[in-house]
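# Structure assessment
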Amino acid sequence: MAKEDLIQFEGVVQEVLRDARFLVKLDNGMDVAAYASGKMRKFRIRILAGDRVTLEMSPYDLTKARICYRHKEIRRAVAH
């Protein structure tokens, strides 16, 4: 594995923290602190609690991550 290689994981945003950080629960059960990537901030992609995201992590520090993609969800209208 090269130094520049990143590991990708998927998870669900549990909580929105201050300083534009997020608490994300990975599919394997670990909790990590993550931040939105520069492209996501540039294009103003909003991340809310409950969103499914893809993370990039360094193999050296598995407690911090960068959110690189927010998965699209099918939101259904509620009929009253």
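For the structure itself, look to the data block above.
Note that this is a predicted model, so its numbers are computed, not measured.

Attention shifts here to the overall build of the protein chain. Regarding its fold elements, the protein chain presents 1 helix and 5 strands. Listing each helix as α and each strand as β along the protein chain from the N terminus yields β-β-β-α-β-β. Looking at the protein chain residue by residue over its 80 residues, the buried ones come to 24%. Considering only contacts within the protein chain whose residues lie at least 6 apart along the sequence, 49% involve residues at least 24 apart.

Here the structure, examined in full by the defined rule, presents 5 salt bridges. Glu56 serves as the salt-bridge partner of Arg66, at 2.8 Å between the closest nitrogen and oxygen. Of this pair, Arg66 sits in strand β5 (residues 64–70) while Glu56 sits in strand β4 (residues 52–57), and the two are 10 residues apart along the sequence. Its relative accessible area of 27% is what places Arg66 among the partly exposed residues.

Turning to unusual backbone geometry, a few remarks are in order. With a phi angle near 60°, Asp19 is a residue other than glycine that sits in the positive phi range. Although it is not a glycine, Arg44 adopts a positive phi angle of roughly 55°. Its location among the elements puts Arg44 in the loop between α1 (38–42) and β4. On the basis of relative accessible area, Arg44 is assigned to the exposed category, the value being 63%.

Now for the environment of Thr54. Mapped onto the secondary structure, Thr54 falls in strand β4. If sequence neighbours within four positions are ignored, Thr54 has contacts with Gln8, Phe9, Glu10, Arg66, Ile67, Cys68, Tyr69 and His71. Within polar-contact distance, the side chain of Thr54 engages the side chain of His71 at 2.7 Å.

Another aspect to go through is the sheet that holds strand β3 (residues 31–36). Pairing is mixed around the closed barrel formed by 5 strands, whose spatial order is β1-β2-β3-β5-β4. For this sheet, the mean angle separating the axes of adjacent strands, direction not counted, is 55°. Inspection of the sheet shows β3 paired to β5 by 4 bridges, in the parallel sense. Within β5, the residue paired with Ala36 across the bridge is Ile67.

Moving on, we get to the nonpolar core. Within the largest apolar cluster, 14 residues are counted, with the highest numbers of intra-cluster contacts made by Phe22, Val24, Val32, Ile47, Val53, Leu55 and Ile67. Of all elements in the fold, only β2 (21–26), β3, β4 and β5 reach the threshold of two or more residues within this core. Excluding residues that lie within four positions of it along the chain, Ile47 makes contacts with Val13, Val16, Phe22, Ala36, Met40, Val53, Ile67 and Arg70.

The rules behind each value
Residues numbered from 1 in each chain as written. Predicted model: local features only at pLDDT ≥ 70, side-chain atom pairs only at ≥ 80, totals over all residues. Heavy atoms only, no water. Helix = DSSP H or I, 4+ residues; strand = E, 2+ residues; numbered from the N terminus. Buried < 20%, exposed > 50% of the residue type's maximum accessible area, 1.4 Å probe, protein only. Contact = heavy atoms within 4.5 Å. Salt bridge = Lys/Arg side-chain N within 4 Å of Asp/Glu carboxyl O. Polar contact = N/O pair within 3.5 Å; in protein donor to acceptor, adjacent residues only side chain to side chain. Pairing = 2+ DSSP bridges. Axes fitted to C-alpha atoms, helices over the stretch in contact; angles between N-to-C directions. Core = buried A, V, L, I, M, F, W, Y, C linked by side-chain atoms within 4.5 Å.

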